[in-house]
Amino acid sequence: MEFSILSESFDKMESTRKRLELTQFLVELFEKTPHDVISKIVYLIQGKLRPDFEGIELGVSEKLVLRAAKKSLGTNEKDIIETLNKVGDLGTTISKVLERKTQTGLFDFAFDSGAHDEASFDAKSNTVERIYEILWDISQLEGAGKNVQDKKINFISSLWNKCKPTEVKFVTKLLLGTLRLGVAENTVMDALAIAFTGDKENRKKLQYAYNVSSDLGKVAETVATKGIEGIEKFEITLFNPIRPMLADRVKSEAEAIEKMGNEFAAEYKLDGERVQLHIEGDKVVLFSRSLENIESYYPDIMEKIPKNIQADNIILEAEAVAINENTGDFLPFQELMHRRRKYKIEKAITKYPITVNFFDVLYCNGRNCMELSYKERREKLEKHVKEDEFAKYIPMKIVKNECEIEDFMENSINAGSEGLMLKMLDKPYQAGSRGSHWLKLKREYRNELGDSLDLVVIGGYFGKGRRTGNYGTLLLATYDEDEDNFPSICKVGTGFTDESLDQLYQILNPKVSIKKNPRIISEMEADVWFEPELVIEVVASEITLSPIHKAALNMVRKNTGLALRFPKFTGKIRVDKAVEDASTNEEVITLYKGQKKIAHDKNLM
Ligand code: AMP
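Residues numbered from 1 in each chain as written. Predicted model: local features only at pLDDT ≥ 70, side-chain atom pairs only at ≥ 80, totals over all residues. Heavy atoms only, no water.

Structural notes on helix α5 (residues 77-87)
Thought 1: Inspection of α5 places Ile80, Thr83 and Leu84 among the buried residues, and these make up the whole buried set. In a view along the axis of α5, the buried residues occupy a sector of 105 degrees, so they form one face of it. When the buried face of α5 is taken as reference, the exposed residues oriented beyond 90 degrees from it are Lys78 and Lys86.
Thought 2: Directly beyond the C-terminal end of α5, a positive phi value near 95 degrees is found at Gly88. (Buried < 20%, exposed > 50% of the residue type's maximum accessible area, 1.4 Å probe, protein only. Helix = DSSP H or I, 4+ residues; strand = E, 2+ residues; numbered from the N terminus. Arc of directions from axis to C-beta.)

See below:
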C-alpha cells in the first residue's frame, strides 16, 4: 500500500478535531487498506508499531533526528532550530527544510544511505510496508552506544529517502512518537465497525474484543478478515492483558448503600500497585494497571507465585503492597518506588519486601471467568490460589449495613490501607470500564475537596535555598479527553520532602523537552517544560475559577478555567498511571460542583 495514501489521510485528520469527520476519514482510509496491512495501519494511526503492552520503543530523540538531518540533508543545526521555533514541531520543520532544498535544487532526492535492505521493495515506490519495516528495524536496535546511534541515523536517512516533504513530516513524527491525530480508540472502533460490517452499532462488539486483548491491531485484522462473526468468537488470549475494571467513588457509607443495595462485598483498598498476572506452568507475565510489562520490578513474584497456583493456566488480579518486614504491616505505595530501578534490583527486593494480595480471577483452565458473578469468582480464586506468607487473598467481608461498613473500614485503615472497595456480589467483571458495580470509599473523601487528584507534570521551576539543584515547584495539568491534551490547573510547591524532590528530579530530568510539547495548554512561563509523561497525586483545599489556568476552559464560565487552591503533593508519584488516566476536566468540574453544593447545603442549615 502506497505510503502517500496514509500520509494524505494523516494530513486530513490533522486538520480537524471533530469526531464525525475523523471517523469519516478513517472509514475512507480503511476501505482503501488491504487486509494484510490493516493492523499496521491501526498501530501507526496511534503513533505505535505494536500494542503498548509489548513495550516496543523506537528510542529516537530530537537530538538524533537533528544529527540525521545534518548528515543526510546537509543542513546546519541553526537553520533547523530557527524553523523549529517558527513552526513548533520537528516533523514539520524537517519537511519544510526538505521542501526548501528540493525547490532550490540543492537536494538530491536520490540520496540513499544504503542502510536498509530494499531488495524486497519496489525500487520506486514508498509503501507503508517499507516505512513500517524500517521503523521496526530501528526499534530492534538495543543499547545507546555510538555504533547503535550511527545505525539509527542511517536508518532515519533511509526512511526519509523516497519520501515527499509531507510524508517526511509524518515519518519524523512517527519516529519521535509525536504524531497526535486526536483519534481516540473509540473513534477507530466506530470506523472499523462502519468500514467492515456496515453498522456502527457493532462498535460494542469490537469494544469487547479490545477490552479482552488490549490490541486494537488484532481487533482490526479480525474484523477485516473474518467480519463480525470473527469478533463474536473473539477469545481471551493468555499473555495478552485484559483492560482493568475500574471503580466509581462514593463519599459515605450511606451513599454506598443507596447505590449497592443491602448486601455486598467490602474489601480492603490496599495502597499498592495493581498487577495482572498471566500464568501457565512456570511462565509468568505481569502487567501494570496501564498494561505495561512490569516483570523486571517483581522478580520475587515471578519466582514464587507459580508454586501457589493450582490450575493449568490462569489470569489473576492482585495488589502488590510493600510491607514492614518485622510487623507485616502494609506500607504506603511510594515504598514500591524503590523497586523501580534498573540496577541492583535484588538488593531492593530484600530491602523492600512485599505481599501479593489477590482480589480477582479472570480466566482459569482455558475458560473465561469474567462472566461469572463476583461471588463465584472469589470462590474460584480461593480454590485455585494457595495462600502463604507471600500470597494472600485481599481481606473481604460481606456487609449489610452502615455499621458493618464502618467497622470494616476501621480495620482496613488500622492495617495501613486507604479505605474500602465495595463490590456487588452478583455482577460480572466488566473489563475496561468504570462503573457502579465497584465503588471506592476512601477515608480522606470525607474532608476538604473530597478527593485527591492525579495530575500530569508539565513544567518545572528551579528551587532555591535547600531546593537548589532540584525542581522546587511543578506546573500540573489535567487530561482533556476530547482534545487529547493537557491544560494547566496549578503550580505545586508544598508537600515535598528532600527525598521526594530528589526522586522527582531523577524521573523528570530526562523528560525535559527542547520546546513546549504542543499538547500542553498553558500560558504560564516555566523554567523547563517536560514531555507530559508523569502523573503525581495532589490534594487541595478548593477548586476556584481561574483567568490564568486552562483546565475546563469555557466549560463552567466563558474565558475562564479552573484552578486548585493550596495544592499539596501527597507524596505519591503515580508511575502506575498513564497520563491518559490522570484526572480529567469532567472529574474536576464534578468536584467543583460538589463543593458548591456542600456550601449551598451548609447555608440552608
Ligand atoms: P484509584 O487508583 O483510586 O482509582 O483506585 C483503584 C485502584 O485501587 C485499583 O487500580 C487497584 O490498584 C487498587 N486496589 C486496592 N485494593 C483493591 C481491591 N480490593 N480491589 C480492586 N482494586 C484495588
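After that view, the rundown keeps rolling.
Quick look at the site of the ligand
Thought 1: The immediate surroundings of the ligand are formed by 16 residues, with Glu267, Tyr268, Glu319, Lys423 and Lys440 found nearest.
Thought 2: In this structure, Lys423 approaches the ligand through a side-chain N or O atom, which is 2.9 Å from a nitrogen atom.
Thought 3: Notes on the ligand: free accessible area 500 Å², of which the protein chains cover 95%.
Thought 4: When contributions to the shell around the ligand are tallied by element, the ones reaching two or more residues are β2 (264-269), β10 (419-423) and β11 (434-442).
Thought 5: Split by residue class, the shell around the ligand holds 6 nonpolar, no polar and 10 charged. (Near = heavy atom within 4 Å. Polar contact = N/O pair within 3.5 Å; in protein donor to acceptor, adjacent residues only side chain to side chain. Areas by Shrake-Rupley, 256 points an atom, 1.4 Å probe, with all protein chains shown as cover. Nonpolar A, V, L, I, M, F, W, Y, C, P; charged D, E, K, R; others polar.)

Thoughts on unusual backbone geometry
Thought 1: Phi at Asn365 is positive, roughly 50 degrees, even though this residue is not glycine.
Thought 2: Position of Asn365 relative to the elements: it lies in the loop between β6 (354-364) and β7 (367-368).
Thought 3: Given the relative accessible area of 36%, Asn365 is considered partly exposed.

Things to note about the pattern of salt bridges
Thought 1: Summed over the entire model, instances satisfying the criterion amount to 39 salt bridges.
Thought 2: As a salt-bridge pair, Asp190 and Arg203 come within 3.0 Å of each other at their nearest N and O atoms. Of the two residues, Asp190 sits in helix α10 (residues 185-197) while Arg203 sits in helix α11 (residues 203-213), which places them 13 residues apart along the sequence. You'll find Asp190 and Arg203 in the same group, each marked buried.
Thought 3: We note a salt bridge from Asp576 to Arg574, for which the minimum N-O separation is 2.9 Å.
Thought 4: Look at Asp576 and you get buried, because its relative accessible area is 3%.
Thought 5: Through salt bridges with shared partners, a single ionic network connects Lys269, Asp271, Glu418, Lys442, Glu537, Lys572, Arg574 and Asp576. (Salt bridge = Lys/Arg side-chain N within 4 Å of Asp/Glu carboxyl O.)

Focus on the environment of Ala311
Thought 1: Examined against the element boundaries, Ala311 turns out to sit in the loop between α14 (299-304) and β5 (313-322).
Thought 2: Ala311 sits 121 residues away from Asp190 along the chain, and the two C-alpha atoms are 38 Å apart.
Thought 3: Not counting chain neighbours up to four residues away, the residues in contact with Ala311 comprise Cys364, Asn365 and His384. (Contact = heavy atoms within 4.5 Å.)

Topic: the pairing of strand β17 (residues 535-539)
The side chains of a regular strand alternate, residue by residue, between the two faces of the sheet.
Thought 1: Burial runs high along β17: 4 of the 5 residues are buried.
Thought 2: Relative to β17, strand β12 (residues 453-462) is paired through 4 bridges, and the arrangement is antiparallel. In the strand pairing of β17, Asp454 is matched with Glu537.
Thought 3: Pairing of β17 with strand β20 (residues 568-573), which is carried by 3 bridges, proceeds in the antiparallel orientation. Along β20, the bridge assignment pairs Val538 with Phe569. (Pairing = 2+ DSSP bridges.)

Notes on the side chain of Asn470
Thought 1: On the secondary structure map, Asn470 appears in the loop between β12 and β13 (471-477).
Thought 2: Those residues in contact with Asn470 that lie beyond four places of it in its chain are Tyr461, Phe462, Gly463, Leu501, Asp502 and Tyr505.

Function cannot be inferred from these measures alone, as they are strictly geometric.
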